[in-house]
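Below are the chains, spelled out letter by letter.
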Amino acid sequence: MDAISFPAVPDMVRDFGFYIDGNWRTAGDRKTMVRSSPAVGKDVSRIALCTKADVDEAVAVARAAFSSRSWSGITGKERANVLLRAARLIRENLEELALWETLEAGKPISQSRAEIGDAAGHYEYCAGLAQTLSGESFNTHGDDMFGVVTRQPIGVVGLINPWNFPFIVLAERVPYILASGNSLVVKPSEMTSATTLLFADMLKEAGLPDGVYNVVTGTGPDVGQAIAEHMDIDMISFTGSTRTGEAILKASTSNFKKASLELGGKNPQIVFADADLDDAADGVAFGLCLNAGQCCVSGSRLIVEESIADDFRDRVIDKLSKVKVGDCFDPETQIGAIVSEQHRDKILSYVKLGVEEGATLAYGGDSVTVGEGRFIAPTLLTGVRNDMRVAREEIFGPVLSLITFKTAQEALEIANDSSYGLGASIWTKDIDKALRMMRGVHAGRTWVNTTIAGGPGQPLGGFKQSGIGREGGKMGVEEYTEVKSVHIAIGKRSPWVR
Ligand code: NAD
């Protein structure tokens, strides 16, 4: 097996500065934070803990770039060329970006590589949208009036991202923000800042004018909060937990900036007796194990028709027993490391809680030690009721709760009995049932006979406490624009003052 075709794991801790106005800044006398890799158990990177003054400077620079029209004033075609060059540079640097994604986030190298490739696709897709973004015209106002609705960039966007998919979440937002001509200030998660920073050089090489893409690093309560409440930011795009989303929304009222929130989920996998059960079991295993369950659309609630529940449980256990956990740099590995020791302990405490609540531990439930990394075996709890905390709270690990139902109506009620509404998967070969469930389920992303399928083109977002607004697709670009409704009089005005 060709295990090391990527750049080697660095021997030394790499210092990342931060990036404002097309220039790198060193940490200087600021405090710093070192990232210990969950994948290899050693320190790999160091970031600056930026200050509020740094955020102020980054915002002022982004505002100046926006006002200068160096990006906002050029043609969609010119912006498209930059986005296409950025996509090419992402592909050329795929191995380095994937290495840092695996080192900092602990995901298997095969999944990091796939995410970097997918990320490039978003820049290519947005090159098209940069050229086709348009408004509406109204030729229906009679001989004396013409109406148009235009879209224009909203201005300066603050972008705050999570650690679980650092580069793909960035790619599901940055080209959409850039397509209409906005400037931005990004704060990556303090645990996974490397790829957001490395990308700054690629955007510069691609031809993005200085000051349009700025990166400030640091913690949420300091740097994130300063962005969310900043008076000169026009829109905040936040992806992370529902709890932090609430703080962001409150902070955004400082100047009533527009807020787009992509938050947590407790996503149902609904399996009917008439499904292709082998496909469904495979999809359930994938939906649980992707990114070690540290995934907003992780299929963490398994809602199974009672008549097949035992058979399906055994099929799922069979699949989980074959999933490869461990060495993140082995291309065959399917479950990588848990992002931090604290988070691993939290996941394991949920397994214990589920058993205390009356569930049965049917598979897994242990931490797995491979080298210096930290891992958790895929875990199945059976006999779960939807009112148990393991069924209601986002565990954010590879822990699956199996709940049974008797009728389609009951399945829908269980699926929708959640404060979240992010994703849902429906497994059945009955097209009428599939369509009725698809219509009834409260979820911004719904899959039929598959799970976590996606890519550029279709919007992402959640119902209920899973978020506000949509990222991606045509809507993803439109979200970052202001709409202006214009009436234009034709000919001599009919006087009001006589
Ligand atoms: P988190 O909410 O802890 O942190 C997200 C970001 O917010 C980080 O950059 C963090 O530094 C910052 N932050 C923390 N407190 C802040 C504050 N008070 N003010 C401003 N910023 C603050 O989330 P996380 O643990 O990094 O990510 C996991 C969560 O993200 C899960 O709930 C997951 O479901 C969600 N998520 C959602 C989507 C989606 O598209 N809906 C995608 C990925 C992750």
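Residues numbered from 1 in each chain as written. Predicted model: local features only at pLDDT ≥ 70, side-chain atom pairs only at ≥ 80, totals over all residues. Heavy atoms only, no water.

On the surface, a nonpolar cluster with roughly 330 Å² of combined accessible area is contributed by I431, L435, M438 and V448. At three residues, the largest contribution of residues to the nonpolar patch is made by helix α15 (residues 431-440). Along the polypeptide, L435 turns up in helix α15. (Patch = residues over 30% accessible without salt bridge, like charges linked within 9 Å, V, L, I, M, F, W, Y side chains within 5 Å. Areas by Shrake-Rupley, 256 points an atom, 1.4 Å probe, with all protein chains shown as cover. Salt bridge = Lys/Arg side-chain N within 4 Å of Asp/Glu carboxyl O. Helix = DSSP H or I, 4+ residues; strand = E, 2+ residues; numbered from the N terminus.)

Attention shifts here to the sheet that holds strand β7 (residues 145-153). With respect to topology, three strands assemble into an open sheet ordered β6-β7-β25, the strand pairing being antiparallel. The sheet is open, and its two edges are formed by β6 (136-138) and β25 (481-489), each paired on a single side. Neighbour-to-neighbour, the strand axes of this sheet turn through a mean angle of 15°, independent of strand direction. Both β6 and β7 contribute to a ladder of three bridges, which runs antiparallel. Bridging from a neighbouring strand, E136 pairs with V149 of β7. (Pairing = 2+ DSSP bridges. Axes fitted to C-alpha atoms, helices over the stretch in contact; angles between N-to-C directions.)

Right, let's talk about the nonpolar core for a bit. Counting residues in each nonpolar core, the largest one holds 66 residues, and the members touching the most others are Y123, V174, L178, L184, F199 and Y213. With nine residues, helix α4 (residues 109-132) is the single largest residue contributor to this core. Each of domain 1 (14-263 + 466-484) and domain 2 (268-448) accounts for three or more of the residues forming this core. Apart from residues no more than four positions distant in its own chain, L184 is found in contact with A62, V157, L159, V174, I177, L178, V212, Y213 and N214. (Core = buried A, V, L, I, M, F, W, Y, C linked by side-chain atoms within 4.5 Å. Buried < 20%, exposed > 50% of the residue type's maximum accessible area, 1.4 Å probe, protein only. Domains from an automatic or database assignment. Contact = heavy atoms within 4.5 Å.)

A residue-level look at the protein finds 99% of positions with pLDDT of 70 or above and a mean pLDDT of 96. Low pLDDT, under 50, characterises residues 1-6; the stretch is placed with 13 contacts to residues that sit more than four places away or in other chains. (pLDDT = per-residue confidence, 0-100.)

To continue, consider the sheet that holds strand β4 (residues 32-36). Hydrogen bonds between backbone atoms are what pair the strands of a sheet, whose relative direction is either parallel or antiparallel. Pairing within the open sheet is mixed, and its three strands lie in the order β1-β5-β4. Two strands lie at the open edges of the sheet, namely β1 (14-15) and β4, each paired on one side alone. Here β4 pairs with strand β5 (residues 43-48) via five bridges, running antiparallel. Along β5, the bridge assignment pairs T32 with A48. In this fold helix α3 (residues 94-105) packs onto β1, β4 and β5, with an angle of close to 95° to the strand it touches most, β5.

What follows concerns the site of the ligand. Lining the immediate environment of the ligand, one finds 26 residues, of which N161, E190, S241, T244 and E394 sit closest. A distance of 2.7 Å is found between an oxygen atom of the ligand and a side-chain nitrogen or oxygen belonging to S241. T244 is positioned with one of its side-chain polar atoms (N or O) 2.7 Å from an oxygen atom of the ligand. Expressed as a share of its isolated accessible area of 850 Å², the protein-covered part of the ligand is 87%. Secondary-structure elements contributing two or more residues to the shell around the ligand are α8 (220-228), β11 (235-239) and α9 (242-252). Looking at the shell around the ligand element by element, the count peaks at three residues for α8. Among the residues forming the shell around the ligand, the class breakdown is ten nonpolar, eleven polar and five charged. Residues from two domains meet in the shell around the ligand; each of domain 1 (14-263 + 466-484) and domain 2 (268-448) gives at least three. (Near = heavy atom within 4 Å. Polar contact = N/O pair within 3.5 Å; in protein donor to acceptor, adjacent residues only side chain to side chain. Nonpolar A, V, L, I, M, F, W, Y, C, P; charged D, E, K, R; others polar.)

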